[in-house]
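Now for the letters of each chain:
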Amino acid sequence: MDIGTALRHLRDDLGLTQKQMIQGTKITVSHYSKLEKGQNRIFIENLVEILKQRNISLSYFVDHYLNDENSEKEVNYSEILNIAFYEKDKIAAEEIKRQIFSDKSSSNELRDRATLIVDMIDNQGQSNVDARIINSIFKHDNWTQYDEAIILLSNIIRTSNVLNMSPLVLTLIRKYKDLDKEKIEKQRRLATVGINYLFNFRKLSKEFNKTVLKIISWIKTTSIVPELGIIRELNAYFLAVYEGNISVSTNIKNVLKISGYQNLANDLPN
């Protein structure tokens, strides 16, 4: 994890705005904002000054926010949650949730996500998750910049009234016009929001409206790399379905089944 991201996670945990985070220092909000985004280089004296004003030791910051092991652990937790969700494996989801909540290094966003996914599986996709988790998406001034908010939105779209989610998805499209300009992991997270929207919307309506077209066109801008293969396949599936190209959509379903995505293929709306 880079220092800018680590500072953002620390600030989130402290419940501070960017202005509050640098209070007492000579650093401007504009400069600090770019530090978190990795657009400005941070000097050690600035880092120490920020931490000192927040009563955080440098050693604590390094151990808890720059520890690659913790970062890798969160990624592993997320991947297992994804698998449990798509396989509708309640036992696996509850077990990983237990591990996440017993791990003191787990972020609040990861805990919220685990709660959401277990609730979704338990209620067959209809989540009873409380407003606290939904509100956690918007606790940041610029929520589109935060991976945690994007991940939660991606999950919530599968359980909420998808029409209410349209403005949020369109906001992401405006923010990240060309997905191939982002890092692969960022592309996957953003495109998954679009795929989940298409999944839920197709179950609601067969109308090929402007929002659906924008999402499909947006996902097409992802990089052509193996890591995003499943995303691009699903996008091609929904395009074929809306265009009435049954042979293509059937072939894609068969490929997914052969590739081990049996439950996902069976769950795809026609």
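Look above for the structure.
Criteria and thresholds
Residues numbered from 1 in each chain as written. Predicted model: local features only at pLDDT ≥ 70, side-chain atom pairs only at ≥ 80, totals over all residues. Heavy atoms only, no water. Salt bridge = Lys/Arg side-chain N within 4 Å of Asp/Glu carboxyl O. Helix = DSSP H or I, 4+ residues; strand = E, 2+ residues; numbered from the N terminus. Buried < 20%, exposed > 50% of the residue type's maximum accessible area, 1.4 Å probe, protein only. Patch = residues over 30% accessible without salt bridge, like charges linked within 9 Å, V, L, I, M, F, W, Y side chains within 5 Å. Areas by Shrake-Rupley, 256 points an atom, 1.4 Å probe, with all protein chains shown as cover.

## Section: the pattern of salt bridges
Inference 1: A complete count under the given rule lists 7 salt bridges for this structure.
Inference 2: A salt bridge links R11 to E36; the nearest nitrogen and oxygen atoms lie 2.7 Å apart. Here E36 lies in helix 3 (residues 29-37) and R11 lies in helix 1 (residues 3-14), a separation of 25 residues in the sequence. The pair R11 / E36 is uniform in exposure class, with both members buried.
Inference 3: Between E94 and K90 there is a salt bridge, with the nearest N and O atoms lying 4.0 Å from each other. Residue E94 and its partner K90 are located together in helix 7 (residues 90-102), separated by 4 residues, close to a single helical turn.
Inference 4: Under the relative-accessibility criterion, K90 is labelled partly exposed at 34%.

## Digging into a nonpolar patch on the surface
Inference 1: Together, I44, V48, L58 and V62 give the surface a local cluster of nonpolar side chains, amounting to about 300 Å² of exposed area.
Inference 2: Breaking the nonpolar patch down by element, the ones donating at least two residues are helix 4 (44-53) and helix 5 (58-65).
Inference 3: Relative to the elements of secondary structure, I44 occurs in helix 4.
Inference 4: Overall, the relative accessible area of 51% leaves I44 in the exposed class.

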